[in-house]
Amino acid sequence: MKKIVFATNNAHKLEEVRAIVGDRFEIIPLAQTGITEEIPETADTLDGNALQKARYVFERTGLDCFADDTGLEVAALGGAPGVHSARYATAGHDHAANRALLLKNLDGVADRSARFRTVIALIQDGEERFCEGEVRGTIATEERGEGGFGYDSLFIPEGYSETFAEMPAELKNSMSHRGRAVEKLAKML
Ligand code: IMP
C-alpha cells in the first residue's frame, strides 16, 4: 500500500482520516517519521500554515504528505480569531480562555455568524495542492454542552439548535469542516 505522512500526532484526527482513506493509503503519523519537534506555524493564513507544515515534513522525509490547519472565522470580528484560533487569548492552547474572550468580544453584537474552515495542503509526487472544508453557523451567547473541544460549546451549525458540544460526535463529524476537507482530500489522492 502507498504510504503518506499526515503531519499530526493527534489521535482523533488520524482516526478520522484513516476511516476515509485508510483502505487505499497507509497513513503515517508524524511521530513515526522521526520528527519529534513541534513544526513551526508562523504564517498569517490557514493555507500558509498548512503548506509550511507539509513542506517541513517533505523536506525532511521526502515522502508524500499532507498537513491541516483550522480556524474559527467570525464575521463581526473581521474573520478573527481565524488563523490565531488556538492562541486567541493566551500563548498556550487555553480553550476555556479562548471561549471566554470570544464571548466578551461578541458581547451585545447582533450578527453572530461564523464558520469553521479547515485547509489541507497536500504534497504528492512533489506537487503542492490544497483543498478545504467549511461549516457555517452562529456563535451562541453562552456555553452549552460537554462534548467536543475548542470552541464546540459555542458553535451552533446552520440548521440545528444544538451546539457542536451538545451533539453526538458522529453527528458533528458528519458535517464538520475537517470531515469535509478530508472528503475532498480523498478525491484528490
Ligand atoms: P487545528 O489547526 O486543528 O489545531 O485547530 C486550531 C484551533 O481551532 C484549535 O485549537 C481549536 O481552538 C479550534 N478548532 C479546530 N477544530 C475545531 C473543532 O472541531 N471544534 C472546535 N474548535 C476547533
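Above this note sits the structure.
Thresholds, definitions, all that
Residues numbered from 1 in each chain as written. Predicted model: local features only at pLDDT ≥ 70, side-chain atom pairs only at ≥ 80, totals over all residues. Heavy atoms only, no water. Salt bridge = Lys/Arg side-chain N within 4 Å of Asp/Glu carboxyl O. Helix = DSSP H or I, 4+ residues; strand = E, 2+ residues; numbered from the N terminus. Buried < 20%, exposed > 50% of the residue type's maximum accessible area, 1.4 Å probe, protein only. Pairing = 2+ DSSP bridges.

Visitor: Looking at this model, I keep getting lost on the pattern of salt bridges. Mind explaining?
Guide: Under the definition given, this model contains 14 salt bridges. The shortest N-O distance in the salt bridge between Arg-55 and Glu-128 comes to 2.7 Å. Residue Arg-55 is located in helix 2 (residues 46-61), and its partner Glu-128 is located in strand 6 (residues 127-139); the two are separated by 73 residues in the primary sequence. Given the relative accessible area of 34%, Glu-128 is considered partly exposed. What you see here is one network of salt bridges that share partners, running through Glu-73, Arg-115, Arg-117, Glu-132, Glu-134 and Arg-136.

Visitor: Any chance you could explain the pairing of strand 2 (residues 25-29) here in plain terms?
Guide: Remark: a regular strand shows side chains that alternate across the two faces of the sheet. With four of five residues buried, strand 2 lies mostly within the body of the structure. Alignment of strand 1 (residues 2-6) against strand 2, held across five bridges, turns out to be parallel. When the bridges of strand 2 are listed, Lys-2 appears paired with Phe-25.

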